[in-house]
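Observations on chain architecture
Here are the chains, one letter per residue:
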Amino acid sequence: MKHKKPDWTKTELQIYIMLLCANADKTETEEELEMIQNSTSNITFLKMYKKFHKHSDKKRFKKIDAVIHNHDYSQMELAAFRREMYKIFFSDNRFSMLEERLDMTLDNILY
């Protein structure tokens, strides 16, 4: 039985990835969640937050990989997106090894 490919919007995908960035070190701080919430509507944030926490790490990457190919991102969009990711990573003024590994993994998926 084939699973339906998620049909998330670019915004939904970005929120999902930002949640993954916030969760890279297995703890999501209030500051990180607030930064993500401020970038979208409360409805979209809650929708993606619920989806994110239902999925395992493995499933999260599969979902991102499946959805990323539904959208054509320009280099400018990807650069802006990367800046947002780094804001989340550095919100605690450090870049942990787990965050660095996630960054490399997402780099491979996004490009």
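Structure report, in brief. Given the structure is predicted, the values throughout are model-derived calculations rather than measurements.

1. Re the packing of aromatic side chains
Taken as a whole and judged by the stated rule, the model has eight aromatic pairs. Between Trp8 and Tyr16, the ring centres sit 4.7 Å apart and the planes meet at 45°, which makes this aromatic pair tilted. In this structure, Trp8 and Tyr16 share a single accessibility class: buried. A ring pair is formed by Tyr86 and Phe90, whose centres lie 6.1 Å apart and whose planes are at 25°; its orientation type is stacked. Given the relative accessible area of 28%, Tyr86 is considered partly exposed. The structure contains a cluster of three or more aromatic residues connected by ring pairs, namely Tyr86, Phe89, Phe90 and Phe95. Residue placement shows Lys10 over the ring face of Tyr73; its charged tip is 4.7 Å from the ring centre.

2. Structural notes on the pattern of salt bridges
Evaluated as defined, the whole model comprises eight salt bridges. Residue Glu77 is joined to Lys10 by a salt bridge in which the shortest nitrogen-to-oxygen separation is 2.9 Å. Of the two residues, Glu77 is situated in helix α5 (residues 75–89) and Lys10 in helix α1 (residues 10–22); the sequence distance between them amounts to 67 residues. Close ionic contact of Glu12 with Lys47 constitutes a salt bridge, the shortest N to O distance being 2.6 Å. Taken together, the residues span a long stretch of sequence, with Glu12 in helix α1 and Lys47 in helix α3 (residues 42–54) at a distance of 35 residues. Overlapping salt bridges bring together Lys26, Asp57 and Arg60 as one network.

The rules behind the values
- Residues numbered from 1 in each chain as written.
- Predicted model: local features only at pLDDT ≥ 70, side-chain atom pairs only at ≥ 80, totals over all residues.
- Heavy atoms only, no water.
- Phe/Tyr/Trp six-rings, centres within 6.5 Å; stacked < 30°, edge-to-face > 60°.
- Buried < 20%, exposed > 50% of the residue type's maximum accessible area, 1.4 Å probe, protein only.
- Lys NZ or Arg CZ within 6 Å of the ring centre and 35° of its normal.
- Salt bridge = Lys/Arg side-chain N within 4 Å of Asp/Glu carboxyl O.
- Helix = DSSP H or I, 4+ residues; strand = E, 2+ residues; numbered from the N terminus.

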